[in-house]
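So you can see what is in the structure, the chains are spelled out below.
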Amino acid sequence: MTADPFSLWVYLSQTPLLWLTVTLLVYASTDALSLATGRHPLANPVFHAMWIIAAFLLATGTSYTTYFGGAQFVHFLLGPATVALAVPLYENRRIVAAAIVPMLVALVVGCATAIVSVVLLARAFGLPDNIVLSLAPKSVTAGVAMGISQSLGADASLTAVAVILTGIMGAIVVTPLMNRMGITDYRARGFAVGLASHGIGTARAFQVDAVAGVFAGIAMSLNALVTSLLVPLAVTLLVRG
Amino acid sequence: MIASLTLILLCQLAGEIFVHGLALPVPGPVMGMLFLLVLLLARDKFDWLACGPLQGGGVEGGARGLLAHLSLLFVPAGVGVVQKLDLLAEHGVVIAVVLAISVLVTLLVTVGTFLVVGRLMTRKRATP
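Everything numeric in this text was worked out from a predicted model, so none of it was measured.

Undergrad: Please explain the overall build of chain A as it appears in this structure.
TA: In terms of regular secondary structure, chain A is built from 13 helices and 0 strands. Going residue by residue from the N terminus, the α and β elements of chain A occur as α-α-α-α-α-α-α-α-α-α-α-α-α. Relative to the compact-globule value of 18 Å for 241 residues, chain A shows a C-alpha radius of gyration of 20 Å, a close match. Of the roughly 9700 Å² of accessible surface on chain A, 70% is carried by carbon and sulfur atoms. Seen as two clouds, the 10 positive and the 7 negative side-chain charges of chain A have centres 12 Å apart.

Undergrad: Before we go on, may I ask you to explain the packing of helix 3 (residues 45-60) of chain A against helix 11 (residues 156-180) of chain A in this structure?
TA: Two quantities define a packed helix pair, namely the angle between the helix axes and the distance between the axes. All names here are of chain A. Where helix 3 meets helix 11, the closest approach of the two axes is 9 Å, and the angle between their N-to-C directions is 140°. Between helix 3 and helix 11, the angle falls in the class oblique. Residue-level inspection shows Val 46, Phe 47 and Met 50 of helix 3 in contact with helix 11, the latter providing Ile 164, Leu 165 and Ile 168. A breakdown of the residues in the contact of helix 3 with helix 11 according to their chemical character gives 6 nonpolar, no polar and no charged.

Undergrad: I keep staring at the interface of chain A and chain B and nothing clicks. Help me out?
TA: Many analyses report the size of an interface as the accessible area lost when the parts associate. Taken together, the contact between chain A and chain B spans 91 residues of the former and 67 residues of the latter. Carbon and sulfur atoms supply 85% of the area that chain A and chain B bury against each other, a total of about 7100 Å² over both sides. When the area that chain A buries against chain B is broken down by residue, the three leading residues are Tyr 64, Val 83 and Tyr 90 of chain A, summing to 10%. A salt bridge links Asp 155 of chain A to Lys 84 of chain B, with the nearest nitrogen and oxygen atoms 2.9 Å apart. Applying the counting rule to chain A against chain B returns 8 residue pairs in polar contact (both at pLDDT 80 or more). Looking at the side of chain A that touches chain B residue by residue, the classes come out as 68 nonpolar, 16 polar and 7 charged.

Undergrad: It is not clear to me how helix 12 (residues 186-208) of chain A should be interpreted in this structure. Could you clarify?
TA: Since there are 3.6 residues in each turn of an α-helix, residues three or four apart along the chain are aligned in direction. Residues and elements named next belong to chain A. Its 23 residues place the ends of helix 12 only 9 Å apart at the C-alpha level, less than the 33 Å of an ideal helix rising 1.5 Å per residue. For helix 12, the principal kink sits at His 198 and spans about 145°. By the criterion of burial, helix 12 is predominantly enclosed, with 18 of the 23 residues buried.

Undergrad: Mind showing me how you'd approach the packing of helix 10 (residues 142-151) of chain A against helix 11 of chain A here?
TA: Residues and elements named next belong to chain A. Running from N to C, helix 10 and helix 11 cross one another at 145°; their axes reach a closest spacing of 8 Å. Handedness of the crossing formed by helix 10 with helix 11: right-handed. Counted together, Ala 142, Ala 145, Met 146, Ser 149 and Gln 150 of helix 10 and Ala 156, Thr 159, Ala 160 and Val 163 of helix 11 form the full contact between these two elements. Residue composition of the contact of helix 10 with helix 11, by class: 6 nonpolar, 3 polar and no charged.

Undergrad: How should I be thinking about the environment of Leu 237 of chain A in this particular structure?
TA: Residues and elements named next belong to chain A. If you trace the backbone, Leu 237 turns up in helix 13 (residues 210-238). Overall, Leu 237 belongs to the exposed group, its relative accessible area being 62%. Leu 237 sits 231 residues away from Phe 6 along the chain, and the two C-alpha atoms are 56 Å apart.

Undergrad: What's the story with unusual backbone geometry in this structure? I'm lost.
TA: For residues besides glycine, phi is generally negative; the peptide bonds are generally trans as well. All names here are of chain A. Despite not being glycine, Arg 39 shows a phi value in the positive range, around 55°. Structurally, Arg 39 can be placed in the loop between helix 2 (16-36) and helix 3. At His 198, a position not held by glycine, the phi torsion is positive, near 40°. Looking at the secondary structure, you find His 198 in helix 12.

Basis of the calculations
Residues numbered from 1 in each chain as written. Chains lettered and ligands numbered in written order. Predicted model: local features only at pLDDT ≥ 70, side-chain atom pairs only at ≥ 80, totals over all residues. Heavy atoms only, no water. Helix = DSSP H or I, 4+ residues; strand = E, 2+ residues; numbered from the N terminus. Rg over C-alpha atoms; globule rule 2.2 N^0.38 Å. Areas by Shrake-Rupley, 256 points an atom, 1.4 Å probe, with all protein chains shown as cover. Lys, Arg positive; Asp, Glu negative; His and termini not counted. Charge placed at Lys NZ, Arg CZ, Asp CG, Glu CD. Axes fitted to C-alpha atoms, helices over the stretch in contact; angles between N-to-C directions. Parallel < 35°, antiparallel > 145°, perpendicular 65-115°, else oblique. Contact = heavy atoms within 4.5 Å. Nonpolar A, V, L, I, M, F, W, Y, C, P; charged D, E, K, R; others polar. Buried area = accessible area lost by both parts, 1.4 Å probe. Salt bridge = Lys/Arg side-chain N within 4 Å of Asp/Glu carboxyl O. Polar contact = N/O pair within 3.5 Å; in protein donor to acceptor, adjacent residues only side chain to side chain. Expected span 1.5 Å × (residues − 1). Bend = angle between axes of the 7 residues up to and from the residue. Buried < 20%, exposed > 50% of the residue type's maximum accessible area, 1.4 Å probe, protein only. Left-handed = near helix turned anticlockwise from the far one by under 90°.

Printed below as a string of structure tokens:
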């Protein structure tokens, strides 16, 4: 029997095995590259893995649905990883308790800034209302943001893209920005990037400093709560008002 | 490892049940995180809770394993960009500019608020 390479491809390209392997292989490579550059912000592993896989899907004419059949096993772990944030929070509970007031104030102010700034800017640049609504919850982690977007009647898959882009931008910019501003308090730096850029920012913060990672994780979790409450309010006032 | 993962999933499941049962506008995993935190704190108070994954750093190790590759977990959602190429061809540049400015402003406002409030608190404590 001689295996026809095309029919083998047709078979494999429909299996979860291939797409799960592609996801892990590409990420392992971009992560190794990031490590080799000393975790340089521009070598962000999520960003490079994302465009390489997207280009591969386009080149092979594979649909996102087929790809997600394999990638869903990775995507599923977002939930358990959120639960797992309880562990660094528990281990650093004393530092966290000592900073509770600045954290809560920064949470409310930062969350309102994230929503209001994106809605006002998007409107000022003349984007259609449906896109404005889809961008509003972009600072919160993917699953939550898509839920908010759906409840507003906006485009949830555009929201997911905006969430990931926001996460990558924040993760790339935070270290050079904070260094240039001379901010050395890793609690504040971590909290800001977790709030602005959810899990991708949190992953970046853990790469830079353990305390920054803990504060980023708290900011990301609390922001999921506050954004769920503030986005509908902001949309009523700013878009539909 | 399996016991730790089971405990983490149980917390998430309890979180989902709690959130959906009470129709709260909170994501289930965030509630699950609170449950796991309460469990860990309770373990230090009550010895009988220190069993299975809650002893000898079991669940701590499992959680660290998950968090070590947090970035990887965002890749599948990010690849979703392929579904939005026509929309991004039309509005992509504007959307990117809007998101970039918003992220910068949010980072600066949040870090500034955190530091100013933190400083005000220490000053108040220094001069009662």
